[in-house]
Amino acid sequence: MQANNRADAASQQAEVQAANDAVEAAKNALEEAQANLASKQADSAAAAKAKEVAYLALTEAKKQLAILEALEEAQAERNSDYSK
């Protein structure tokens, strides 16, 4: 009888340990998934910031191009006035 009780206790202890191991594995998987999600969110935020910076740079470049074109046109008009 005591041998059966010991075997049952050992079996229950093994089941509890297996359950604890499964919980620990699930916690580790959750932590890894959360870390991956945080990394992806950081990558997404960095990409959004890079897109914003690129847009601002493009806008500034367009402004500079418009200024250069206006100066070039003014210079062409001035040159045509001198040739008259």
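Overview of the structure. (Residues numbered from 1 in each chain as written. Predicted model: local features only at pLDDT ≥ 70, side-chain atom pairs only at ≥ 80, totals over all residues. Heavy atoms only, no water.)

1. Focus on the overall build of the protein
Counted only if it meets this: Only DSSP runs of H or I covering at least 4 residues are called helices, and only runs of E covering at least 2 are called strands; the numbering of each starts at the N terminus. Using a 1.4 Å probe on the protein chains alone, a residue whose accessible area is under 20% of its type maximum counts as buried, one over 50% counts as exposed, and one in between counts as partly exposed. The Shrake-Rupley method, run with a 1.4 Å probe sphere, supplies the accessible areas, and residue values consider only the shown protein chains as cover.
The helix and strand inventory of the protein stands at one helix and zero strands. With the C-alpha coordinates aligned to their principal axes, the bounding extent of the protein is approximately 125 × 10 × 5 Å. Taken over 84 residues, the protein has a buried fraction of 0%. Element-wise, carbon and sulfur atoms account for 57% of the exposed surface of the protein, whose accessible area totals about 7500 Å².

2. Some words on a negative patch on the surface
Quick note on the threshold: Patch membership needs two things, relative accessible area over 30% and no salt bridge, and members are linked within 9 Å if like-charged or within 5 Å if nonpolar (Val, Leu, Ile, Met, Phe, Trp, Tyr). Should a side-chain nitrogen of Lys or Arg be within 4 Å of a carboxyl oxygen of Asp or Glu, the pair is scored as a salt bridge. Asp and Glu are treated as the negative residues and Lys and Arg as the positive ones, with His and the ends of the chain left uncounted. To locate a charge, take NZ of a lysine, CZ of an arginine, CG of an aspartate or CD of a glutamate.
Residues Glu69, Glu72, Glu73, Glu77 and Asp81 make up a contiguous surface patch of negative charge. When you line up the elements, Glu73 lands in helix H1 (residues 2-82).

3. What about a nonpolar patch on the surface?
A cluster of nonpolar side chains, namely Ile67, Leu68 and Leu71, defines an oily patch on the protein surface of about 300 Å² accessible area. Relative to the helices and strands, Leu71 is located in helix H1.

4. Examining the pattern of salt bridges
Within this structure, the stated rule accounts for one salt bridge. A salt bridge links Glu52 to Lys49; its shortest N-O distance comes to 3.8 Å. With Glu52 and Lys49 both in helix H1 and three residues apart, this pair spans about one turn of that helix.

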